[in-house]
Amino acid sequence: MAATEQNNWIDYYREKLQEEGDFDPRALSYASHEVRADKNVVLLALQKDGCALQYTSNELRADKDVVTAAIKNDARALQYASDDLLLVHKEIVLEVVQSNGNALQYVSEKLKQDKDLVLAAVRQNGNALSHASSKLQSDKE
């Protein structure tokens, strides 16, 4: 795809996402990689639907700003974030589970073994324990 055509598509998505109306951010799933990798387009989409993170490039799923924007809109977006990012920046997950304990279900198995994250999730919602690792589920503390 020529650079001019790519820029036209990026501009198109930006305009549509900035408009008030029914433009569905899930339309990113049909967009070119260049559009799905454009941080400005993606941030606009995530303002409308945090779970649109699933349609973005792998690079943006590992971008702290992008993931933070997604989960502020919808905690379920955690499931689409890069595991590597969440392992390095556990504070992102901690903030989410402190306000929505059941969001623990959307993180990697490794994070479900993190005692601090699990305790924070369970303090917010006791049912979150069902999403913890089996080792932590049987922990008496």
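Heads up: these notes are all about the structure in this document. The structure presented is a predicted model; accordingly, all values stated were derived computationally and were not measured.

Quick word on the layout of surface pockets
Turning to step 1, where the next piece is worked out: Taken as a whole, the largest pocket encloses approximately 190 Å³ of empty space.
Turning to step 2, where the next piece is worked out: Looking at the largest pocket, the residues that line it are Lys64, Thr68, Ile71, Lys72, Asn73, Asp74, Ala75, Glu91, Ile92, Glu95, Val96 and Ser99.
Turning to step 3, where the next piece is worked out: Breaking the lining of the largest pocket down by element, the ones donating at least two residues are α5 (64–73) and α7 (90–99).
Turning to step 4, where the next piece is worked out: Taken together, the residues of the lining of the largest pocket sort by class into four nonpolar, three polar and five charged.

Quick word on the packing of helix α3 (residues 39–48) against α5
Turning to step 1, where the next piece is worked out: Two elements in contact, α3 and α5, have axes separated by 8 Å at closest approach and are oriented at 15°. Classified by the angle between their axes, α3 and α5 sit roughly parallel to one another. Pair α3 / α5 crosses with left-handed handedness. Here α3 contributes Lys39, Val42, Leu43, Leu46, Gln47 and Lys48 to the contact with α5, which in turn contributes Asp65, Val66, Ala69, Ala70 and Asn73.
Turning to step 2, where the next piece is worked out: Taken together, the residues of the contact of α3 with α5 sort by class into six nonpolar, two polar and three charged.

As for α7
Turning to step 1, where the next piece is worked out: For α7, the complete set of buried residues consists of Ile92, Val93, Val96 and Val97. The buried residues of α7 occupy an angular sector of 120° when projected down its axis, which confines them to one face. Turned more than 90 degrees away from the buried face of α7 sit Glu95 and Ser99, all of them exposed.
Turning to step 2, where the next piece is worked out: Buried residues belonging to α7 abut α5, α6 (83–88), α8 (109–112) and α9 (115–124).

Each value, and the rule that gives it
Residues numbered from 1 in each chain as written. Predicted model: local features only at pLDDT ≥ 70, side-chain atom pairs only at ≥ 80, totals over all residues. Heavy atoms only, no water. 1 Å grid on protein atoms, 1.4 Å probe; cavity = no way out; pocket = protein on both sides within 12 Å on 5 of 7 lines; lining within 4 Å. Points joined across faces, edges and corners; volume = space filled by probe spheres on them. Helix = DSSP H or I, 4+ residues; strand = E, 2+ residues; numbered from the N terminus. Nonpolar A, V, L, I, M, F, W, Y, C, P; charged D, E, K, R; others polar. Axes fitted to C-alpha atoms, helices over the stretch in contact; angles between N-to-C directions. Parallel < 35°, antiparallel > 145°, perpendicular 65-115°, else oblique. Left-handed = near helix turned anticlockwise from the far one by under 90°. Contact = heavy atoms within 4.5 Å. Buried < 20%, exposed > 50% of the residue type's maximum accessible area, 1.4 Å probe, protein only. Arc of directions from axis to C-beta.

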